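Spelled out from the first residue to the last, the chains are:
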Amino acid sequence: MHPIVATLIKRIGLGIVSLFFVSLIIFSSLNLLPGDFVEAVLGQSRTEETVATFRKELGLDKPFHIRYVNWLSAAVQGDLGSTFSGRNASYANQPQQSTARTVTSLLKPRLYNTFFLAAMTALIAVPLSLFLGITAALYRNTFYDRTVNASALATISMPEFFVAYILIICLASIYQFFPSLSNVTSSTPFFERVYLSILPALTLTLVTVAHMMRMTRAAIINLLSSPYIEMAQLKGLSRSKVILEHALPNAWAPIANIIAFNLAYLIVGVVVVEVVFVYPGVGQLMVDSVIKRDIPVVQGCALVFALTYISLNLIADVISIITNPRLLYPK
Amino acid sequence: MNTNNTDNSILLEMKNVSIEGYSDEKWHPIINEVDLRLKRGEVLGLIGESGAGKSTLGLAAMGFVRSGCRFTGGSVLFKGKDLTKMNEREKQKLWGTKFSYVAQSAAAAFNPAHRLINQTIEASVSHGIGKQDQLQKDAIELYREMQLPNPEEIGDRYPHQVSGGQLQRTMTAMAMSSKPDLIIFDEPTTALDVTTQVNVLATIRNIVKEHNTAAIYITHDLAVVAQMADRIQVLRYGDTIEESETNNMLKTPKEDYTKSLWAVRSIKKKEKNAKDSILSIENVDASYGSGPKVLQNVSIDVPKGGTVAIVGESGSGKSTTARVITGLLPPQKGRILFEGKKLETNLDERSKENLRRIQMIYQSPDTSMNPRHTVRDIIGRPLEFYHNMKGSEYSKRVIELLNLIELDESFIDRLPSELSGGQKQRICIARALAAEPKLIICDEVTSALDQIVQEGILKLLLRLQSELNISYIFITHDIATVKAISDEVVVMHNGYVVEQGMKSEIFSPPHPDYTKLLLSSVPEMDPQWLTKILSSQKSKN
Amino acid sequence: MSKLENQYSAKDEVATVFIRRTFFQRALITLKKAPFTAWLGMTIVFIYIFVAVFAPLIAPYGEAQIFKVPYAPWDEIHVFGTDRLGRDILSRLIYGARNTMGIAILTTLLAFIIGGGLGLLAAILRGWIDQFLARFVDILMAIPSLIFALMLLSIFGSTAFNLIIIIAILDSTRVFRLSRAVGMNVAVMEYVEAARLRGEKIGWIMGREILPNILPPLVAEFGLRFCYVFLMIASLSFLGVGIQPPTADWGSMVRETGELIQYAQYDITAAMTPILPAAAIGILTIGVNFVVDWFLYLTSGLKDEHK
């Protein structure tokens, strides 16, 4: 078998194994709780019966591995359980009925919203960062480079909510170009959706570009100090030829990694931004659920985020593998 | 101004060239007002120790300075035009067409992402010297001249798919592709094995003669430069020490420094036949992890109070043998006897006493001492650890050891970065002596040092041996060193012991094939050596 | 070949010897050469530490002291006004320095002890311990930190203690990776092997051979980790799951006064109120980043190009 296929299979296998372990961690972290979770959730109004019933319904009376397998098999089919919210009250009165909604039904619309926001950001942020990073590396130590660097450093030092609030003050409060709250719903038409998402996307873009640009610059500088670059110069090739034909082909792998890394970072930054702008995405859902201690929802959101993160890293590694001449053309 | 039609016109003239380099926030001189002259078709050998500025001067001959360096004076006249006054674009037109550069490490100089043939003709294509098809055909011809295997197809490979020697020859082909007036060879064979080196040297010499290309051949190896150059220029600390025709310089060097470079191995140890062995390894097989065997059925005896030299090229297993003896790599088969008793094969199982009695000195003085420890700490730790010495006894002994290695008390508080290469290696010797060992393994301890310094270290080691009756295992790839200090010799190749015996036996015929190859590949100071070797190889075929 | 009279002496070989100076003298010289940004950074850090340490002496009022007028405008009594419950903003800003920075420092220290120790161990012992730890850390790092922290906080509850432990463990993964990487670079050096051959025990090798040689990148990383931890704690508090009221903390202060933003067009100072703690966070991070950048420049030996 061609070594590249073997490497790819190995890497993808590793990704699946990671996902498995991550799901195990997400599931089992619940069991790390000292004391009884059920009693904590049901609170003051609990009785022996409601506790037992609740436990039974949650499946908490079964042994650990059976619960895990049940949970996992359900999750793979799209069933992530039901939320805890709204349960305690109903249990106190009518133990048979449950008005709890499924986690999946909560997640679905928000998933679309979050990815929409992330895509909007990525579309602007990735090309912009690459451009800034590469030019800063090429014109190293010039005024341009120093300015770009300083601004990037300042931006990544600020918490995201700071950037968000400054943008709100300037663009939504003093000069009211954009709304400060982004209530998108599933029925919002496309262009209005874009309009409502501009401020959150702008915040995310600024932060992501700052990170990505610094990493790109560092990677390009590192690349430019390779000995074969000097050799190309000594062959009398023009600067642009050296960069385009010698540096660039070797840049795909590090740049793919940087993009994947930052897109993964984007997923995390989305959480804060959604909260600030009250944007109905997965991040906001997760934060609300954490405050309410609605574990199934938290687990579902965590799983979604982890899946995205692992997939992005996997894609980056795959790109590194298929652009590596040592693997493409083995000895 | 002479026209360039006659074969003997001056091609390159560097006058009063000075170059500075930037480090530690200051500009330091690298080259001081050096002159260099080169005629068409002439090969100039540029020799000197590391740090003499050879590479910098070589690049400057093209009008190129590395980043962090600058021209501060003088002129570089190429066919009458001053390169130091030209702008980047004008110089780029000359680079890759009239000038070519062959770097020391071919593996680093080739772009891993492009095929060899494309990189070979790249400069010519980009400067519009010829059409792609024709250039490719010419390149394949060059590959053939370089005696590369499968010249038609080898260009389609990627750099990682060919061996080091082949890559070096490909780089030379790349340099020749544009039929330049001047090629600068920067230590092209230093990274190669001795047996590969012969072929590469031969091809370079032929090619340069055939195409009447001028060349600057940079190296620190005197025997090599004697084969390749018409004239030799000696550089030291950025100054020219001496410059003249090869034969003249070899026979009658004028300056003391030049003479000192020529004085190769004035030491020649008298062979001593020891009756006992202090250590022997018997039938040892070893491998790293589950990989292939690195040592196969190796048996070696170390004479008591004498020196056995283990000689071989890279990959022969000499360093692995050292690791087996020290216990870092337990063998899969075989045993080790030390002073007649069986020695544990695993380092962790050995007693402190046994660990003390066998000491090791490494090749690279830069990485064998902790950069944060002072000389006192380095030499003193074995005293503390093995002999429990403290206080004034400790300090006194440290100074004694310093004197033993021909340094003095003033070195005691220095850090390794404040020592020269030779001084560092002496400290390492002192560190080994502090334990009062019976056996010292010297793993290529002089290979990273300059010629004169090597002399000094070898003399020191011999003196210590006669005073303290220590046995040595001396691992090296340098035949001259072997002749200088050994009593017995072991020749290794690909994990096998090819032969072993007294020095006189090994160096006189008849030899097993590999030993013959090895001995004949070592360049000698005779300028005709290469020619002789090649004709004897041809007559064999 | 002519024999050379031995004029060679090992002592006379040329080497660069450093002039012996005390630590303080060297520090002073380095400081004088520091660029503007480094000075700015150091000043910022120094001021913040000062405020944090002497908070009770500097703050005009108590941390949780409640006054009559909530959302009071900026005036002489309350320089930056009051918050939703009527607590003085300036005092809470000052105490916030102590709380937020204090928790961040403790967390970073803990992360370094865990991550650094394990990383060094993995670098020296190698073998299956190293493989196991490295894989385990890879898995932990497969979940984004913020998400993981949110999840664990929802389970364990948001107390300061939980916060410190959870974030320290999550962040120790990065420290592990770094200390393992630099530790391995040093562990393959011949002087480490020489120590092993001597028979030195693992304690000596870790403490006297390897550690002194990996301090520079570790110190720099400490600064960077501090910034990261600091921002994460602020973000978590901002989201409402970090440091809980009534403890004064910059992240939660931003959340508590957030609604004032919308009044920017009428009263700019009101809108600035939530910006103040946010800016306080950002300025410290910038300051630390400047100092770390300069430190990295000093210790990496990578000088910028000069044409």
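Just so you know, these numbers come straight off a predicted model, no measurement behind them. (Residues numbered from 1 in each chain as written. Chains lettered and ligands numbered in written order. Predicted model: local features only at pLDDT ≥ 70, side-chain atom pairs only at ≥ 80, totals over all residues. Heavy atoms only, no water.)

Q: How would you sum up the overall build of chain C? Please name residues and give values.
A: Looking only at helices and strands, one finds 11 helices and zero strands in chain C. Shown N-terminal to C-terminal, the secondary structure of chain C runs as helices and strands in the order α-α-α-α-α-α-α-α-α-α-α. Against the 2.2 N^0.38 benchmark of 19 Å for 307 residues, chain C shows a C-alpha radius of gyration of 25 Å, more extended than a compact globule. When its C-alpha atoms are laid out on the principal axes, chain C stretches across 100 × 45 × 40 Å. In chain C, which comprises 307 residues, the proportion classed as buried is 50%. For chain C, restricting intrachain contacts to residue pairs at least 6 apart in sequence, the fraction spanning at least 24 positions comes to 70%. For chain C, the computed accessible surface area is about 14600 Å², with 68% contributed by carbon and sulfur atoms. (Helix = DSSP H or I, 4+ residues; strand = E, 2+ residues; numbered from the N terminus. Rg over C-alpha atoms; globule rule 2.2 N^0.38 Å. Buried < 20%, exposed > 50% of the residue type's maximum accessible area, 1.4 Å probe, protein only. Contact = heavy atoms within 4.5 Å. Areas by Shrake-Rupley, 256 points an atom, 1.4 Å probe, with all protein chains shown as cover.)

Q: Let's hear about the packing of aromatic side chains: which residues, and what values?
A: If you walk through the whole model with that rule in mind, you get 19 aromatic pairs over all chains. Where Y165(A) meets F238(C), the ring centres are 6.2 Å apart and the plane angle is 80°; that geometry is what we call edge-to-face. Of this pair, Y165(A) sits in helix α8 (residues 160–174) while F238(C) sits in helix α9 (residues 202–239), on two different chains. We classify Y165(A) as buried; its relative accessible area is 8%. When the ring of F230(C) is compared with that of W250(C), the centres are 6.2 Å apart and the planes differ by 85°; the resulting orientation is edge-to-face. (Phe/Tyr/Trp six-rings, centres within 6.5 Å; stacked < 30°, edge-to-face > 60°.)

Q: Please provide a residue-by-residue account of the interface of chain B and chain A, values included.
A: In this complex, chain B contributes 27 residues to the contact, which on the side of chain A involves 21 residues. Summed over both partners, the interface of chain B with chain A buries about 2200 Å², with 58% contributed by carbon and sulfur atoms. The interface formed by chain B and chain A includes two salt bridges. In this structure, the salt-bridge partner of E122(B) is K235(A), at a minimum N-O distance of 3.1 Å. Summed over the shared surface of chain B and chain A, the number is nine residue pairs in polar contact (both at pLDDT 80 or more). Considering every element that reaches the side of chain B that touches chain A, the biggest residue donor is helix α4 (residues 116–126) of chain B, with four residues. Residues that form the side of chain B that touches chain A fall into these classes: 15 nonpolar, nine polar and three charged. (Buried area = accessible area lost by both parts, 1.4 Å probe. Salt bridge = Lys/Arg side-chain N within 4 Å of Asp/Glu carboxyl O. Polar contact = N/O pair within 3.5 Å; in protein donor to acceptor, adjacent residues only side chain to side chain. Nonpolar A, V, L, I, M, F, W, Y, C, P; charged D, E, K, R; others polar.)

Q: Which residues make up the sheet that holds strand β1 (residues 10–23) of chain B, and what are the values?
A: All names here are of chain B. The four strands are arranged β2-β1-β4-β5 in an open sheet whose pairing can be described as antiparallel. Across the chains shown, the open sheet's two edge strands, defined by having one partner strand only, are β2 (26–39) and β5 (81–82). Pairing of β1 with strand β4 (residues 69–78) involves eight bridges; the strand directions are antiparallel. The residue bridging G21 from the neighbouring strand is C69, located in β4. (Pairing = 2+ DSSP bridges.)

Q: Give a detailed account of the pattern of salt bridges, specifying residues and quantitative values.
A: All names here are of chain B. Tallied over the entire structure, the rule returns 40 salt bridges over all chains. The shortest N-O distance in the salt bridge between E406 and R463 comes to 3.3 Å. Here R463 lies in helix α16 (residues 451–468) and E406 lies in the loop between α14 (391–404) and α15 (421–434), a separation of 57 residues in the sequence. With a relative accessible area of 27%, R463 lands in the partly exposed category. Several salt bridges share partner residues, and in doing so they unite E339, E353, R356 and R357 into one network.

Q: Explain the sheet that holds strand β12 (residues 293–303) of chain B residue by residue, including any values.
A: Residue and element names in this part refer to chain B. Across the sheet, which stays open at both edges, the four strands sit in the order β12-β11-β14-β15 with antiparallel pairing between neighbours. In this open sheet, the two strands that pair with only one neighbour each are β12 and β15 (341–343). Taken pair by pair, the neighbouring strands of this sheet meet at an average axis angle of 25°, ignoring direction. Examined bridge by bridge, strand β11 (residues 277–287) and strand β14 (residues 333–338) share five bridges and lie antiparallel to one another. Across the sheet, S280 pairs through a bridge with L337, a residue of β14. (Axes fitted to C-alpha atoms, helices over the stretch in contact; angles between N-to-C directions.)

Q: Run through the pairing of β1(B), naming residues and quoting values.
A: Bridge analysis of β1(B) against β2(B) gives 10 bridges, and the strand direction is antiparallel. Within β2(B), the position partnered with G21(B) by the bridge is H28(B).

Q: Help me get a handle on the side chain of K424(B), residues and values and all.
A: Along the chain, K424(B) falls in helix α15. Each residue touching K424(B), except ones within four places of it in the same chain, is listed here: P365(B), D366(B), M369(B), P416(B) and L419(B).

Q: Report on empty space enclosed by the protein, specifying residues and quantitative values.
A: Tallying each qualifying case throughout the model produces seven cavities of 30 Å³ or more. Each pocket or cavity is described by its volume, and for the largest cavity that value is around 190 Å³. Forming the boundary of the largest cavity are 15 residues, of which I358(B), Q359(B), M360(B), L197(C) and R198(C) lie nearest the centre. Counting residues per element, the ones that place at least two in the lining of the largest cavity are α12 (352–357), β16 (358–361), α13 (375–387) and α15 of chain B together with α8 (190–198) of chain C. For the lining of the largest cavity, the per-class residue count stands at nine nonpolar, three polar and three charged. The volume enclosed by the second largest cavity comes to roughly 90 Å³. (1 Å grid on protein atoms, 1.4 Å probe; cavity = no way out; pocket = protein on both sides within 12 Å on 5 of 7 lines; lining within 4 Å. Points joined across faces, edges and corners; volume = space filled by probe spheres on them.)

Q: Kindly report on the nonpolar core, identifying the contributing residues and their values.
A: Of all hydrophobic cores here, the largest spans 143 residues; its most connected members are F161(A), V276(A), M286(A), L150(C), L236(C) and W250(C). Discounting residues that sit within four places of it in the chain, L150(C) has contacts with V271(A), M286(A), V287(A), V290(A), L236(C), L239(C) and V241(C). Counting residues in each nonpolar core, the second largest holds 89 residues, with I19(B), L83(B), A202(B) and V208(B) among its members. (Core = buried A, V, L, I, M, F, W, Y, C linked by side-chain atoms within 4.5 Å.)

Q: Could you give an account of the confidence of the model for chain C, with specific residues and numbers?
A: Residue and element names in this part refer to chain C. Taken residue by residue, chain C gives an average pLDDT of 84. The fraction at 70 or more is 90%. The lowest-confidence element of chain C is helix α1 (residues 23–32), averaging 76 in pLDDT; the highest-confidence one is helix α7 (residues 160–187), averaging 92. For residues 1–7, every residue scores under 50 in pLDDT, and the model assigns this stretch nine contacts once sequence neighbours within four places are set aside. Below a pLDDT of 50 lies the segment residues 302–307, which in the model reaches nine contacts outside its immediate sequence neighbourhood of four places, other chains included. Reported for the predicted complex are a pTM of 0.81 and an ipTM of 0.80. (pLDDT = per-residue confidence, 0-100.)

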